[in-house]
Amino acid sequence: MNSPLLGHFASQLDDLKQQGNLRQFTSNLQQDRYITIHHKKMLNLASNDYLGLASNIQLREQFFDETPNAQRWMSSSSSRLLTGNFPEYEQLEDSLGQAFHGRAALLFNSGYHMNIGILPALADSKTLILADKLIHASMIDGIRLSTAKYVRYRHNDLAHLAQLLHKYHQDESFERIIVVTESIFSMDGDETDLAELVRIKKQFSKVMLYVDEAHAIGVRGEQGLGCAEQYGVMDDIDLLVGTFGKAMASIGGYLICHPVIRDYLINSMRPLIFSTAQPPICMAWTDFIFKKVLNLKAERQHLQQISQSLQQAVQSKGFDCPSTSHIVPVMIGESGKTVEKAQALQDAGFYIMPVRPPTVPQHSSRLRISLTAQITQTDLNQLTPLL
Ligand SMILES: *Cc1c(COP(=O)(O)O)cnc(C)c1O
């Protein structure tokens, strides 16, 4: 070992530890609504399995019963542009296209691939990107990889966005303006007013909307197609993206768009062109789950009910609660204190994780409670007095 070289990294890690910001993997075992860590079994309140489908053994059994070995391809062995374009991809894109009013659908290996790939492919030096201050790191990375100029607007402040649009829309150096946001935000659990966003967009001819529904797909709308479905704007969002790794109990990302954009991305998007496509069995599983999700209205209603109940409880304990969704932060502020509080809740049997900088802005460390359809009101009644 070359210790002077390692010493640099070791001292950086020490600094992180001092600040209460050191991250580590923890081994865990999961079963239904529970997670076991270091032999302690806790109610899982840190899961993205919002509909409880990933932990559902019956669903898995049904899927494997319906899928013969000959179709259980565990690798595609290639990018889709070479030999990796198995029928399972086209089947899933068909299912998505049909559900999303006949628009085109394109699949990606993960939400991260999707967000670091689409913007650099579409946005050139004649493009301006206007992005919400709190968008997910994957979109920030996508913006950084693009050659576009980029300006951020205050979080969820559509009046500020409209101001910037008035200012830049007349600037002839920009041929296109792409507005980038999430529908439900991953850290605050608040949401963009998509109807208002669409109304603003319609006043400006150069504007395209890019909306990430990672936390809304499966959870919002009659059929679980996201906030765009819920607010009736599915056809008005030029680039409607989401992921399968959360409520959809699978892996991957999707884009709903115009067929021209789909063709353009197939010809220009590097993470799509230069990466082996997902195993076909994952596509088949996502398609299986997607068709189930369309009918899970009762689960969505239950999730909404317990979410509202927890938001109210957090507020009544005197915390700011920006959330209008199943992601409910409890704002603590300082990292060390947040970690302590999370530990106390874990000791009491509730697995809740602290979220610290750089994932969230400085001094806004929080407990992030994420609810799933498997959580009951009784669970919340036991949790609330401990917050
Ligand atoms: C989780 C998440 C992603 C990343 O998706 P993966 O499929 O996990 O790579 C992208 N955008 C948002 C808003 C997310 O929350």
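Per an unreviewed UniProt entry, the protein chain goes by the name 8-amino-7-oxononanoate synthase and belongs to Acinetobacter bouvetii DSM 14964 = CIP 107468. In UniProt, the protein chain has this text filed under Pathway (unreviewed entry): "Cofactor biosynthesis; biotin biosynthesis." One UniProt comment on the protein chain, placed under Subunit (unreviewed entry), says "Homodimer."

Caption draft 1: Representation of the overall build of the protein chain within the structure. A tally of helices and strands in the protein chain yields 14 helices and 14 strands. Each of the three principal axes of the protein chain carries a C-alpha extent, and together these read 55 × 55 × 55 Å. Within the span of the protein chain, comprising 387 residues, buried residues form 54% of the whole. Excluding contacts between residues fewer than 6 apart, the proportion of contacts in the protein chain whose partners are at least 24 apart in sequence is 69%. Carbon and sulfur atoms make up 52% of the accessible area of the protein chain, which amounts to about 18,300 Å² in all.

Caption draft 2: Structural view of the domain arrangement of the protein chain. Here the protein chain is partitioned into domain 1 (19-51 + 296-386) and domain 2 (73-293). Placing the centre of domain 1 and that of domain 2 at their C-alpha centroids yields a distance of 27 Å. Across the boundary between the two partners, domain 1 contributes 22 residues, which contact 22 residues of domain 2. Together domain 1 and domain 2 conceal approximately 1,700 Å² of surface at their shared face, both sides included; 54% is due to carbon and sulfur atoms. Where domain 1 packs against domain 2, one counts two salt bridges. A salt bridge links Asp-188 to Arg-366, with the nearest nitrogen and oxygen atoms 2.7 Å apart. Remark: the boundary between domain 1 and domain 2 carries 17 residue pairs in polar contact (both at pLDDT 80 or more). Of all the secondary-structure elements, those providing two or more residues to the side of domain 1 that touches domain 2 are α12 (297-316), β11 (327-333) and β14 (365-370). Of the residues belonging to the side of domain 1 that touches domain 2, the class tally is 11 nonpolar, six polar and five charged.

Caption draft 3: Spatial organisation of the packing of helix α6 (residues 158-169) against helix α7 (residues 194-201). Two elements in contact, α6 and α7, have axes separated by 11 Å at closest approach and are oriented at 15 degrees. Judged by the inter-axis angle, α6 sits roughly parallel to α7. Crossing of α6 against α7: the hand is right-handed. Judged by residue contacts, Leu-158, Leu-161, Ala-162 and Leu-165 of α6 engage Glu-196, Leu-197 and Ile-200 from α7. For the contact of α6 with α7, the residue count by class is six nonpolar, no polar and one charged.

Caption draft 4: Region of the structure containing the site of the ligand. Around the ligand lies a shell formed by Ser-110, Gly-111, Tyr-112, Asn-115, His-136, Ser-138, Glu-182, Asp-212, Ala-214, His-215, Thr-243 and Lys-246. One of the backbone nitrogen or oxygen atoms of Tyr-112 is found 2.9 Å away from an oxygen atom of the ligand. Considering the ligand on its own, with 380 Å² of exposed area, one finds that the protein chains cover 83% of that surface. In terms of residue count, helix α4 (residues 111-122) provides more of the shell around the ligand than any other element does, three residues in total.

Caption draft 5: Focus on the state of the cysteines. What the rule picks out here adds up to zero disulfides. Summary of cysteine pairing: Cys-227 is not part of a disulfide, and the nearest cysteine sulfur, belonging to Cys-321, is at 16 Å. Exposure remark for Cys-321: the relative accessible area of 12% places this residue in the buried category.

The rules behind these values
- Residues numbered from 1 in each chain as written.
- Predicted model: local features only at pLDDT ≥ 70, side-chain atom pairs only at ≥ 80, totals over all residues.
- Heavy atoms only, no water.
- UniProt positions renumbered as here; feature names shortened; annotations may be inferred.
- Helix = DSSP H or I, 4+ residues; strand = E, 2+ residues; numbered from the N terminus.
- Buried < 20%, exposed > 50% of the residue type's maximum accessible area, 1.4 Å probe, protein only.
- Contact = heavy atoms within 4.5 Å.
- Areas by Shrake-Rupley, 256 points an atom, 1.4 Å probe, with all protein chains shown as cover.
- Domains from an automatic or database assignment.
- Buried area = accessible area lost by both parts, 1.4 Å probe.
- Salt bridge = Lys/Arg side-chain N within 4 Å of Asp/Glu carboxyl O.
- Polar contact = N/O pair within 3.5 Å; in protein donor to acceptor, adjacent residues only side chain to side chain.
- Nonpolar A, V, L, I, M, F, W, Y, C, P; charged D, E, K, R; others polar.
- Axes fitted to C-alpha atoms, helices over the stretch in contact; angles between N-to-C directions.
- Parallel < 35°, antiparallel > 145°, perpendicular 65-115°, else oblique.
- Left-handed = near helix turned anticlockwise from the far one by under 90°.
- Near = heavy atom within 4 Å.
- Disulfide = S-S within 2.5 Å.

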